[in-house]
Amino acid sequence: MQNTSYSFIAIDAKKHNLISILDDCLSKNICAYFENRYSLDERSTVKSVVIDLNANYQLFIRRLFPNAEIIIDRFHVVQLINRAFDQLRVKILKQQGDKHSRIYKALKINWRLFHKDT
């Protein structure tokens with residue numbers, strides 16, 4: 001079985017229909033795809049675009065879809081928060097002088113609880 005990864009996937013958010021899968025996430029290729037297939041009038045009707053935290057996307061999304069609201073994908077927001085929380089947890093652990101203290105043990109042993117789905 002071949003492991004295939006995709007760099008850019010476009011999906012209709014309302015109908016959940018696949019629009020396209022592009023092999024790379026180069027700005028020029030994404031722009032060319034939409035500009036060659038959809039007129040500016042068609043692209044102007046797009047109301048929202050959900051993106052990950054790739055800052056390059058914001059640069060050309062406004063040009064491609066001038067009336068669209070840019071929304072950051074919540075998966076990536078949660079992932080960013082989890083990383084920041086873990087960095088803070090580790091920083092606090094390193095500041096603890098007593099590795100037998102209650103705070104140290106709670107942060108060290110129970111780290112999985114901080115990532116548990118509710």
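We now turn to the structure provided with this report. Everything quoted here is computed from the prediction, not taken from an experiment. (Residues numbered from 1 in each chain as written. Predicted model: local features only at pLDDT ≥ 70, side-chain atom pairs only at ≥ 80, totals over all residues. Heavy atoms only, no water.)

## Some points on the side chain of Arg-89
Next up, step 1: Residue position: Arg-89 is located in helix 4 (residues 74-95).
Next up, step 2: Of note is the side chain of Arg-89, whose polar atom sits 2.9 Å from the backbone oxygen of Leu-107.
Next up, step 3: Residue contacts for Arg-89: discarding those within four places in its chain leaves Leu-107, Lys-108, Trp-111 and Phe-114. (Helix = DSSP H or I, 4+ residues; strand = E, 2+ residues; numbered from the N terminus. Polar contact = N/O pair within 3.5 Å; in protein donor to acceptor, adjacent residues only side chain to side chain. Contact = heavy atoms within 4.5 Å.)

## Some points on the packing of helix 1 (residues 27-37) against helix 3 (residues 55-64)
Next up, step 1: At a minimum axis separation of 10 Å, helix 1 and helix 3 run at an interaxial angle of 20 degrees. When the axes of helix 1 and helix 3 are compared, the pair comes out roughly parallel. Crossing geometry of helix 1 relative to helix 3 is assigned as right-handed. Contact residues: helix 1 offers Ser-27, Ile-30, Cys-31, Phe-34 and Glu-35, while helix 3 offers Asn-56, Tyr-57, Phe-60, Arg-63 and Leu-64.
Next up, step 2: Grouping the constituent residues of the contact of helix 1 with helix 3 by class yields 6 nonpolar, 2 polar and 2 charged. (Axes fitted to C-alpha atoms, helices over the stretch in contact; angles between N-to-C directions. Parallel < 35°, antiparallel > 145°, perpendicular 65-115°, else oblique. Left-handed = near helix turned anticlockwise from the far one by under 90°. Nonpolar A, V, L, I, M, F, W, Y, C, P; charged D, E, K, R; others polar.)

## Overview of the packing of aromatic side chains
Next up, step 1: Going through the model one piece at a time under the given rule, you end up with 6 aromatic pairs.
Next up, step 2: Between Phe-8 and Phe-34 the ring centres are 6.3 Å apart and the planes differ by 80 degrees, which places this aromatic pair in the edge-to-face class. With Phe-8 in strand 1 (residues 8-11) and Phe-34 in helix 1, this residue pair connects regions lying 26 residues apart in the sequence. The pair formed by Phe-8 and Phe-34 is uniform in burial state, with each residue classed as buried.
Next up, step 3: Pairing Phe-8 with Tyr-57 gives two aromatic rings, centres 6.1 Å apart and planes at 75 degrees, and the pair type is edge-to-face. Highlighted residues: Phe-8 in strand 1 and Tyr-57 in helix 3, separated in sequence by 49 residues. Assigned by exposure class, Phe-8 and Tyr-57 land together as buried.
Next up, step 4: The rings of Phe-8, Tyr-33, Phe-34, Tyr-38, Tyr-57, Phe-60 and Phe-65 are connected pair by pair, giving a single aromatic cluster. (Phe/Tyr/Trp six-rings, centres within 6.5 Å; stacked < 30°, edge-to-face > 60°. Buried < 20%, exposed > 50% of the residue type's maximum accessible area, 1.4 Å probe, protein only.)

## Quick word on the pairing of strand 4 (residues 69-72)
Next up, step 1: Alignment of strand 3 (residues 48-51) against strand 4, held across 4 bridges, turns out to be parallel. Each bridged residue has a counterpart across the sheet, and for Ile-51 the counterpart in strand 4 is Ile-72.
Next up, step 2: Taking the sense of rotation as the criterion, the β-α-β connection linking strand 3, helix 3 and strand 4 turns out right-handed. (Pairing = 2+ DSSP bridges. Right-handed = clockwise from strand over helix to strand, strands pointing away.)

## Regarding the pattern of salt bridges
Next up, step 1: Taken as a whole and judged by the stated rule, the model has 2 salt bridges.
Next up, step 2: Among the salt bridges present, the one from Glu-35 reaches Arg-63, with a minimum N-O distance of 2.7 Å. Of this pair, Glu-35 sits in helix 1 while Arg-63 is found in helix 3, placing the two residues 28 residues apart along the sequence.
Next up, step 3: The salt bridge partner of Arg-89 is Asp-86, with a shortest N-O separation of 3.5 Å. Taken together, the positions of Arg-89 and Asp-86, both in helix 4 and 3 residues apart, correspond to about one turn of that helix.
Next up, step 4: Under the relative-accessibility criterion, Arg-89 is labelled buried at 11%. (Salt bridge = Lys/Arg side-chain N within 4 Å of Asp/Glu carboxyl O.)

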